[in-house]
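Below are the chains, spelled out letter by letter.
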Amino acid sequence: MRFDVTEEPLTENLGLLYDFSELDGVHTCKITQAPQIKKFLAEFDMSDCSPANFPCLGGTLLCKEDCSVPYSGTFDMMAFVGHGTYLQMCTRPDISLVLKPLSRLTKSFGDKHVQLAKHVLRYLRATLHLGLTYRSAFPLYLPLFPVASQPTQCDTR
């Protein structure tokens, strides 16, 4: 058996868009997921929503006590968390903080949880073309700075 295979430059794979460039000897690769985000927005009927500038709402962290009054509408939190997690793992680590409390409450959630999920969708719409950029001239080490978190009264850790 014989297969005719042609190899072209990588531009798209599994919903990820790749943009390779070179300027002054520095090679960059920008990875985005605009088509995947558009699909996510369409799945939750938020394609035409108003954009938001930040991934999270102000106030205290969400917790189990916010579920005392369950959400009365229909919202597929499991699908939201699954799709959001794929985005977060590939190109959008900026939504990680919001996905964590929502992922704990995929079966039983309240109005505030759905409000936060829809806010994340609004944020993704506003930042559709953000992604990760890798540069060849970047240092071989990555400086990390730990951040101490202050637990809230409602924190379930």
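Remember, predicted model here, so these are calculated numbers, not experimental data. (Residues numbered from 1 in each chain as written. Predicted model: local features only at pLDDT ≥ 70, side-chain atom pairs only at ≥ 80, totals over all residues. Heavy atoms only, no water.)

Observations regarding helix H1 (residues 34-43)
So, point 1. Taken together, the buried positions of H1 are Ala34, Gln36, Ile37, Phe40 and Leu41. Considered in projection along H1, the buried side chains sweep an arc of 160 degrees and stay on one side of the axis.
So, point 2. In this fold, the buried residues of H1 make contact with strand S3 (26-32), helix H2 (77-90) and helix H4 (111-126). (Buried < 20%, exposed > 50% of the residue type's maximum accessible area, 1.4 Å probe, protein only. Helix = DSSP H or I, 4+ residues; strand = E, 2+ residues; numbered from the N terminus. Arc of directions from axis to C-beta. Contact = heavy atoms within 4.5 Å.)

Let's talk about the packing of aromatic side chains
So, point 1. One pass over the full model with this rule turns up 8 aromatic pairs.
So, point 2. Between Tyr18 and Phe20 the ring centres are 6.3 Å apart and the planes differ by 10 degrees, which places this aromatic pair in the stacked class.
So, point 3. Centroid distance Phe75 to Phe109: 6.5 Å. Interplanar angle 75 degrees. Geometry classified as edge-to-face. Of this pair, Phe75 sits in the loop between H1 and H2 while Phe109 is found in the loop between helix H3 (96-104) and H4, placing the two residues 34 residues apart along the sequence. Like Phe109, Phe75 is buried.
So, point 4. Put simply, the rings of Phe40, Phe44, Tyr71, Phe75, Phe80 and Phe109 pair up and form one aromatic cluster. (Phe/Tyr/Trp six-rings, centres within 6.5 Å; stacked < 30°, edge-to-face > 60°.)

A word on H3
So, point 1. Those residues of H3 that sit buried are Val98, Leu99, Pro101 and Leu102.
So, point 2. Those residues of H3 that are buried are in contact with H2 and H4.

Considering unusual backbone geometry
With the exception of glycine, most residues fall at negative phi, and the peptide bonds are largely trans.
So, point 1. One non-glycine residue with positive phi stands out, namely Leu14, at about 55 degrees.
So, point 2. Tracing the backbone shows Leu14 in the loop between strand S1 (12-13) and strand S2 (16-23).
So, point 3. Residues other than glycine seldom take positive phi values, yet Asp45 does so here, at roughly 55 degrees.
So, point 4. Positionally, Asp45 belongs in the loop between H1 and H2.
So, point 5. Residue Asp45 is classed as exposed on the basis of its relative accessible area of 71%.

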